[in-house]
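# What the coordinates show
As a plain string of letters, each chain reads:
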Amino acid sequence: QVRLVDFGGGLVQAGGSLRLSCAASGLTLSSYAMGWFRQAPGKEREFVAGNSWSGGSTYYSDSVKGRFTISRDNAKNTVYLQMNSLKPEDTAVYYCAAQRTFLRPAVAVSGYDYWGQGIQVTVSS
């Protein structure tokens, strides 16, 4: 049974940092592209960052480029999202997702096979 568990969220002041982790079980991470998405109240779930199966290629939305970094440790079956210079508009529930592909990660929600349970990130002004 595949399971993705997101953790590391919380409350932080604007300008601060958080690191999210996504621990995967029941799959081999090196066979999956991984993505991080977020969903703010009243908004659609949106792509934030993704990396390829090896972690060698990374992709970011314009809103987080230069502030967020996605990485992975395939040996630990874990994906990370380092978030720096956080802004109040980054407040959302964050989800990791796994897509079985050796191509670049999808930006569409429908492209993913498995999802984490989501974790709240709140940035105060």
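Report follows, based on the coordinates. (Residues numbered from 1 in each chain as written. Predicted model: local features only at pLDDT ≥ 70, side-chain atom pairs only at ≥ 80, totals over all residues. Heavy atoms only, no water.)

## Some remarks on unusual backbone geometry
Inclusion rule: A helix here means a DSSP run of H or I that spans at least four residues, while a strand means a run of E at least two residues long, and both kinds are numbered starting from the N terminus. When a residue's accessible area, from a 1.4 Å probe over protein chains only, is under 20% of the maximum for its type it is buried; when over 50% it is exposed; and in between it is partly exposed.
Its identity is not glycine, yet Asn 77 carries a phi of approximately 55°, on the positive side. Note on placement: Asn 77 falls in the loop between strand S7 (68-73) and strand S8 (78-83). Overall, Asn 77 belongs to the buried group, its relative accessible area being 17%. Non-glycine residue Ser 85 carries a positive phi angle of around 50°. Structurally, Ser 85 can be placed in the loop between S8 and strand S9 (92-99).

## Thoughts on the sheet that holds strand S3 (residues 18-25)
By definition, the strands of a sheet pair up through backbone hydrogen bonds, in either a parallel or an antiparallel sense. Defined as follows: Should DSSP find at least two bridges between two strands, the strands are taken to pair. Axis definition: a line fitted to C-alpha atoms, over the contacting stretch in the case of helices. Angles run 0 to 180 degrees between N-to-C directions.
Within the open sheet, the four strands sit side by side as S1-S3-S8-S7. Their pairing is antiparallel. On the outer flanks of this sheet lie strand S1 (3-7) and S7, each paired with one strand and no other. Recorded for the sheet is a direction-independent mean angle of 15° between the axes of neighbouring strands. As defined by bridge partners, S7 adjoins S8 across six bridges and the pair is classed as antiparallel. Within S8, the residue paired with Arg 72 across the bridge is Val 79.

## As for the state of the cysteines
We count it as follows: Cysteine sulfur atoms that pair up within 2.5 Å are treated as a disulfide.
Inspection of the entire model under this criterion finds one disulfide. Here Cys 22 engages in a disulfide with Cys 96; their sulfurs sit 2.0 Å apart. Of note, the bridge from Cys 22 to Cys 96 carries an S-S torsion of about 50° and is right-handed in sense. Here Cys 96 lies in strand S9 and Cys 22 lies in strand S3, a separation of 74 residues in the sequence. On the basis of relative accessible area, Cys 22 is assigned to the buried category, the value being 1%. For Cys 96, a relative accessible area of 0% translates into the label buried.

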